[in-house]
Amino acid sequence: MANVTDLQTKYSRLAQEYSKLRAQNQVLKKAVVDEQANSASFKEQLKQRDQSLRKQEQEMDSLSFRNQQLAKRVELLQEELAASEAKGKKGKNKGDSPSHHGVRTQSVFDEDLQKKIEENERLHIQFYEADEQHRRQEAEMRARLEELERDSQQHQAVVDRLTAKSTETIERLQSDKARLEVKTQTLEMERKECRLKTEDCQQQLRRCQSELNRQLKQSSSVIQEKVPFNDTKFSDYNSLNVPPHNRRHQLKARDVAGQALSFIQDLVAGLLNLHSYTEQRVHIYPLDSSIEPISPLNQKFSQYLHENAVYVRPLEDSFMQLHQSITEDTVTMLETVDKLKNFTDHFSLYTRFLQKLLPYQLKSLEEECQTPLCSAALIVKNQELQNDIRRVTSVFGKLLSYINLLALPSVRLDAMPQSSTSTVFTQLAACLHSLHDAVKEMSKHYNQKASLEQELPTVTQKLFTTTECLLGSLGSLTSSTGKLATFFSNNLDFFTSSGYSPKGSTAVLNPLQAESMLSNKKKAAAYIHALKKPRPPSVPYTEALSNRRILTSSTESREGLTQQVLQSLEKITRLEQEKEHWLLEAQLGKVRLEKENQRIADLETQLAAALEGSPNLQKSAVSTVTQNHEEEETALKAAGKETMCTSLVGMLCTVPSAEHVADEESREQLIKTHYMTRVGELTTQLQVSDSKAVHFHSECRALAKRLAIAERSRETLLEDIKRANQKITHLQDELSTTKRSYENQLSTMSDHLCSMNETLSKQREEIDTLKLGGKGNAKKNKGR
């Protein structure tokens, strides 16, 4: 039900995000449409300006033509003036009236010429101003058009990205919905199966209860009448002081150990990722090892970090051995758990490994602070990280001290009293909480440091990816330490309680008493089991003798069959070894074939290159190839004797060739890789089989509990399903109402934006018309 509610909350959250993105998409679409309309209007304005420019150019051409005509007219007038002056000189003796008339005509021509010159100058000035203004407006309009096109492209990219994100969200939601439906169907089928199994188990439980009641009455009557277990010499072994085997305590201890194993596995995975990504970061920052060599300190630090799996993996393996040692047929106490000492030793090695890494980590952070681009805030964060690393290392040292104290009773019986054990468990829980707090602070400071490093100009994509992975490993490490601390605090009462002690006494059970108790338990179980079996009838003497002879002959035949089986096993192992040998020989032959094919291809290319040249070169190339071939054949014949090659994995008889050394190295590498892969496969098979066995055992134990509580949980599950369905319908109604309200609000906002854009466009048009009108009036005033 928790998973279903989590998925429902995720589905509702995704639906809300989808509605928001959809609304933003509509707004952006309208904005893009508006920008496209503005771009079209600006293009139209640009066309109009181009048309006006062409008109002004035409006017300029006409004015220049008119100016040329006026210049020609002025030249004609000047020629006429010169002619008139010449005529005036000739007729000086004539009357005053003709000279007076010529002067007046000259003054008229001069005034007309002056006016035409002024008009021409004014027209030149107006044309230059109009041309400059048109060029300026054209540049502004082009810049504005480019800006609008860039904005349009950006808006279109945002719209495409949001559309793709919304489609991905829809697909993910649909897949989640289908997965939830499938999971609901499977849960319904499991519920039906559990109900049937519960009914069968209830019937079996009734039969077992009736049978156990009958056996209890019979055993109690026998004990009361015939078996008084009262030892008068040693009162410690009386029936009242014999400690019973607490099966419930064993099941609880195995369950707690399994939960702790899962948390330890998460912790080990987080530590492995943290050390590995730290090693990658050392090779990237502050110096990239692919470009320039890193400092010797960081090289040594990277070498130590590369060995982290040697110290971290044994923690998981040793705790898994501890979990496997706790079974139903054992006695789980601090005095009897021998595997805890092994886990303590591995934890001590890892703590020393952290203490060895501590100075290199601090020096590496100091080296980052000495880079030129390191800011003051980044230096402060590096100092905080140094304090966090010291704190985490010291907390691991405290954990080692408390775990050593818990492992002492398994070595010495009188190492620690019961009251001190409770105190150690309490301090260990507090120390786990301190570890969680320290890792959480380190994760927070590293996150702040990563955000500051992203602002640096020299940050590469490789460093960004490695930092993200490092932050993820710190987050998983924080989560695993928090879960481990919470788990230890919740089970503190179980850890501090004494599951085994003699009745009426507070003494702790020692390993010898535990061993005797387990042997007595097995004997009692065997005795009860023997009572249930029917007694066989008596056998006559002659039949017993014949049975003895048959048994003797069958024993002899069994010994012969055993020898045959051993011989068959030896033959099988020998055949397996031969199979491995011939597989290696086949791989070596394949490598040799590939090399020979490569050599033949090279010779063919040389021959083809030689054939393309002159005939003399062809003959020389052919003779060279044949000579090389003959030399190789003679070398092979000369070295055709078998030699014995020895290596780390065995001996092999080979025929040496020209590539003998290369073949030996390749064969050695192939053998190593083959055996390593074989060992890896066998290890994985062993781990899978062990995990399956543990899983099946725990599943069988858990099935009994589930069958006992299935009937009670069925009704609660039905009620939860009803409430969940009601909540889903309510949430769907709320989602639809909020969706409608958001859509209405977005539609009104979009309409408002459209109206505002229309008013702005109208105002721009009015401003443009007013500007054009003002310019026209100014031109008219200048013309006047």
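Structure shown above.
Residues numbered from 1 in each chain as written. Predicted model: local features only at pLDDT ≥ 70, side-chain atom pairs only at ≥ 80, totals over all residues. Heavy atoms only, no water.

1. Some thoughts on the packing of helix H3 (residues 247-284) against helix H6 (residues 339-369)
Their axes nearest at 13 Å, the elements H3 and H6 cross at an angle of 35°. When you trace H3 past H6, the crossing you get is left-handed. In this structure, H3 uses Leu-271, His-275 and Arg-281 to contact H6, whose residues at the interface are Tyr-350, Phe-353, Leu-354, Leu-357 and Glu-368. Considering only residue class, the contact of H3 with H6 consists of five nonpolar, one polar and two charged. (Axes fitted to C-alpha atoms, helices over the stretch in contact; angles between N-to-C directions. Helix = DSSP H or I, 4+ residues; strand = E, 2+ residues; numbered from the N terminus. Left-handed = near helix turned anticlockwise from the far one by under 90°. Contact = heavy atoms within 4.5 Å. Nonpolar A, V, L, I, M, F, W, Y, C, P; charged D, E, K, R; others polar.)

2. Here's the deal with the pattern of salt bridges
Going through the model one piece at a time under the given rule, you end up with 16 salt bridges. For the salt bridge of Glu-188 with Arg-191, the shortest nitrogen-to-oxygen distance reads 2.3 Å. Here Glu-188 and its partner Arg-191 are both found in helix H2 (residues 96-226), three residues apart, which amounts to about one turn of the helix. Look at the salt bridges and you will find they share partners, linking Arg-281, Glu-368, Lys-449 and Glu-453 into a network. (Salt bridge = Lys/Arg side-chain N within 4 Å of Asp/Glu carboxyl O.)

3. Brief notes about empty space enclosed by the protein
The final tally for this structure, using the stated rule, is five cavities of 30 Å³ or more. Of the pockets and cavities examined, the second largest cavity occupies roughly 460 Å³. Along the walls of the second largest cavity sit 29 residues, with Leu-274, Thr-278, Gln-361, Ile-389 and Met-442 positioned nearest its centre. For the lining of the second largest cavity, the elements supplying multiple residues, two or more each, are H3, H6, helix H7 (376-407), helix H8 (418-453) and helix H9 (461-490). The leading source of residues in the lining of the second largest cavity is H3, at seven residues. Tallied by class, residues from the lining of the second largest cavity come to 20 nonpolar, six polar and three charged. (1 Å grid on protein atoms, 1.4 Å probe; cavity = no way out; pocket = protein on both sides within 12 Å on 5 of 7 lines; lining within 4 Å. Points joined across faces, edges and corners; volume = space filled by probe spheres on them.)

4. Digging into the side chain of Ser-302
Its place among the elements puts Ser-302 in helix H4 (residues 296-306). With residues near it in sequence (within four places) discarded, Ser-302 still touches Glu-279, Val-282 and His-283.

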